[in-house]
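Fold and geometry: a report
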Amino acid sequence: MSTTEPLTPEAGARLLVVDDNAANRYVLRSWLERAGHSVVEAADGTAALATLARLDPVPELAIVDVRLPDMSGFEVCERIKADPRTTGVPVVHVSAIAVATDDRTQGLYRGADAYLTEPIAPTELLATVTAALRYSRARTRAERLTERIRDLHRATLDVYATQDVAALAEAAAAGAFGLFGTSVLVLAQASRSEPVHVARHDRHGPANAVAGSPRLLAALAARVLSKRVGVGAVDVPAREWRGLHRAATEPRGPGPGAPDPRGADPVVAESDVPGPVVRDRDVRGSGVPGSVVHDPATGLDGDVLVVVARARAGQPPVCMVVDAGVPSADEARPILTQFAQAVAMALEAVRTYAEEHDLAVTLQRSLLPARLPDSGATMAVRYLPAAQRSEVGGDFYDAFATDAGLLVAVGDVAGHSLEAAVVMGQLRHALRAYALEGHGLRELVVRLDAYLDHECPTWTATMCLVLVAPDRSGVEVANAGHLPPLLARPGERPEYLTAHGPLLGVGLVHPETTTHRVVPGTRLVMITDGLVERRRGDMQVQLDRLLELVAKASTGGPGDSDTEGLCDLLVDAFGGADHEDDVVVVAVDIEAP
């Protein structure tokens, strides 16, 4: 047989040779090692299986003699294939005894990938090993790519589920870490007037997004993508990475140099040096960058791969920084760039979400009263748009003086959209017009019901009207399907005024109004359901809690909250600004005439 053979294209594999004959193991080992492979030996099946269980990673291929002293090579092969950890390891049987067709057939049926009979030429052995490794590695790459694509889809969905830039940066960092298992730094910015959010994820876990220098984001964008739309990836040597990072994050005063991307070049108190983070205040929710202090130690102190993606011209891009040595396989970098592009698209969606939300809230606020009346009552109002929804609701309030007294109204148009806000504006203006014509409360409700049915036939609304008599002796209430107003007289327990009729827009008969005695110092509280309604909660329990809070703050003593304090108390007690629905709270202290 020939003793010379070329190096195989699959050189460098770690192989297991199982044979009870030491001379055979020596020959096989010498051929394989000259071809560039490394070899682990076992003298029987038990030792072979123990070796596979011990080694990590497992050998890429096993050459197994069919006749072993403790078990057959066929059984060894079956047990290798049955173990999920080694099921992908190719098995090549060799034998000088089991050479019949039935032996070879049985070996292949029981899991072997190839079957060689002695005498074996070294070229035949190496060619067989090369073919088996080529197939095995191709299958491993395909499985890894499939797994990464699955992880890519999952990470993309997580990014698209976010509703603000800080959460997006955190989800992107977690997604990239899940794809490649390396330290990741993500920089994202809603607009040039907003802070840069920096999120890091490494083997120690995620870190909340913190404020970073816009100069680093601008420097990396200029290095990789300039002002173009699209995605780019560049390997940045460690020395250049440290220089970019230092120049962008070191504090500097006024003077010549690159302009700050937000149009100014302030001294940068925060830093986005990768590493463990200690922060005074999280960026999320504050709208103002917190003071950020970073440990100078970093897991990204070597060569890095910088990926920058931008979905719309003129907008800041999203930037990912990872260890350059990790996503080095041919299929890995395209996945990383594809993920960066998905994050850039999600960032654009977050920007659109924020713009629509700001526009909707601005429109809704423009439809609400600009000021409260000064007519013998102390009033305070809190209006809070839904915290996590781009579409605003139709909650509204109004208060104005009429010839019949002070009219206070709170209502809610069903639905959440800009159209709901527009219908709310129409209803509020119609209320003012009808009230100034001198109609009574019941007639106001009847006319508003007809107006809504005629002008907005697909819409419904609730509304509660309270008219405070000019002599402050009583209040008249007309309630069209709204939450009841709460009345707290000095020295008495507060009570809900529960009489009500159907909501507006359904064309049903509305009952007569009700009147209730009041005295100077009486307190009136009106709300919309966004304050007390919860998906998994009892509305009546929340209303009872509201009554108790008002009772404690309205005892008639010197320690009572004023109307402003009462509104703040109620908003804070029921969740602060983090509400799923719009919230209106109106508090009125009725004074002496």
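Preceding this paragraph is the structure being described.
Read on for a plain summary of the structure.

Overview of the sheet that holds strand S19 (residues 486-488)
- Spatially, S14-S23-S22-S19-S20 is the arrangement adopted by the 5 strands of the open sheet, whose pairing is antiparallel. One side of each edge strand has no neighbouring strand; the edge strands of this open sheet are strand S14 (377-384) and strand S20 (495-496).
- Here 2 bridges tie S19 to S20, and the two strands are oriented antiparallel to one another. Paired with Leu487 across the two strands is Glu495, which belongs to S20.
- With respect to the sheet, helix H12 (residues 539-552) is in contact with S19, S20 and strand S22 (523-527), its orientation differing from that of S19 by roughly 25°.
- The strands touched by helix H13 (residues 563-573) are S14, S22 and strand S23 (583-590); relative to S14, the strand with the most contacts, the crossing angle is about 30°.

Topic: unusual backbone geometry
- Residue Asp56 is joined to Pro57 through a cis peptide bond whose omega torsion reads 5°.
- Position of Pro57 among the secondary structure elements: in the loop between helix H2 (45-54) and strand S3 (61-65).
- Located in the positive-phi region is Ser226, a residue other than glycine, with phi close to 55°.
- With respect to the helices, strands and loops of the structure, Ser226 is situated in the loop between helix H7 (214-224) and strand S9 (230-236).
- For Ser226, a relative accessible area of 39% puts it in the partly exposed group.
- Its identity is not glycine, yet Arg472 carries a phi of approximately 60°, on the positive side.

Description of the nonpolar core
- Judged by nonpolar contacts, the single largest core of 52 residues is most densely connected at Leu407, Leu427, Leu431, Leu465 and Val586.
- Ranked by residues supplied to this core, first place goes to helix H10 (residues 418-436) with 8 residues.
- For Leu427, the residues in contact, after removing those within four places along its chain, are Phe396, Val413, Leu448, Tyr451, Leu452, Ala461, Met463 and Leu504.
- Counting residues in each nonpolar core, the second largest holds 36 residues, with Leu168, Ala199, Ala332 and Val350 among its members.

Focus on the packing of aromatic side chains
- Applying the stated criterion to the full structure yields 0 aromatic pairs.
- Stacked on the ring of Tyr434, the Lys or Arg Arg447 has its end atom at 5.7 Å from the ring centre.
- Here the guanidinium or amino end of Arg545 rests over the ring plane of Phe574, the centre of that ring lying 4.6 Å away.

Observations concerning the sheet that holds strand S1 (residues 14-18)
- Strands sit in the order S2-S1-S3-S4-S5 across an open sheet of 5 strands; the sheet is parallel. Every other strand in the sheet has two partners, leaving strand S2 (38-42) and strand S5 (114-117) as the edge strands with one partner each. Across this sheet, the average inter-strand angle for adjacent strands is 20°, counted without regard to direction.
- When S1 meets S3, the two strands line up parallel, connected through 4 bridges. Directly across from Leu15, in S3, lies its bridge partner Leu61.
- Across the sheet, helix H1 (residues 22-34) lies against S1, S2 and S3, angled at about 165° from S2, the strand it touches most.

Overview of the pairing of strand S13 (residues 318-323)
- Summarising burial for S13: 5 of the 6 residues are buried, a large majority.
- Relative to S13, strand S6 (residues 184-189) runs antiparallel, the two sharing 4 bridges. Note on S13: the bridge partner recorded for Val184 is Val322.
- As defined by bridge partners, strand S12 (residues 304-310) adjoins S13 across 6 bridges and the pair is classed as antiparallel. Along S13, the bridge assignment pairs Val307 with Met320.

Procedures and definitions
Residues numbered from 1 in each chain as written. Predicted model: local features only at pLDDT ≥ 70, side-chain atom pairs only at ≥ 80, totals over all residues. Heavy atoms only, no water. Pairing = 2+ DSSP bridges. Helix = DSSP H or I, 4+ residues; strand = E, 2+ residues; numbered from the N terminus. Contact = heavy atoms within 4.5 Å. Axes fitted to C-alpha atoms, helices over the stretch in contact; angles between N-to-C directions. Buried < 20%, exposed > 50% of the residue type's maximum accessible area, 1.4 Å probe, protein only. Core = buried A, V, L, I, M, F, W, Y, C linked by side-chain atoms within 4.5 Å. Phe/Tyr/Trp six-rings, centres within 6.5 Å; stacked < 30°, edge-to-face > 60°. Lys NZ or Arg CZ within 6 Å of the ring centre and 35° of its normal.

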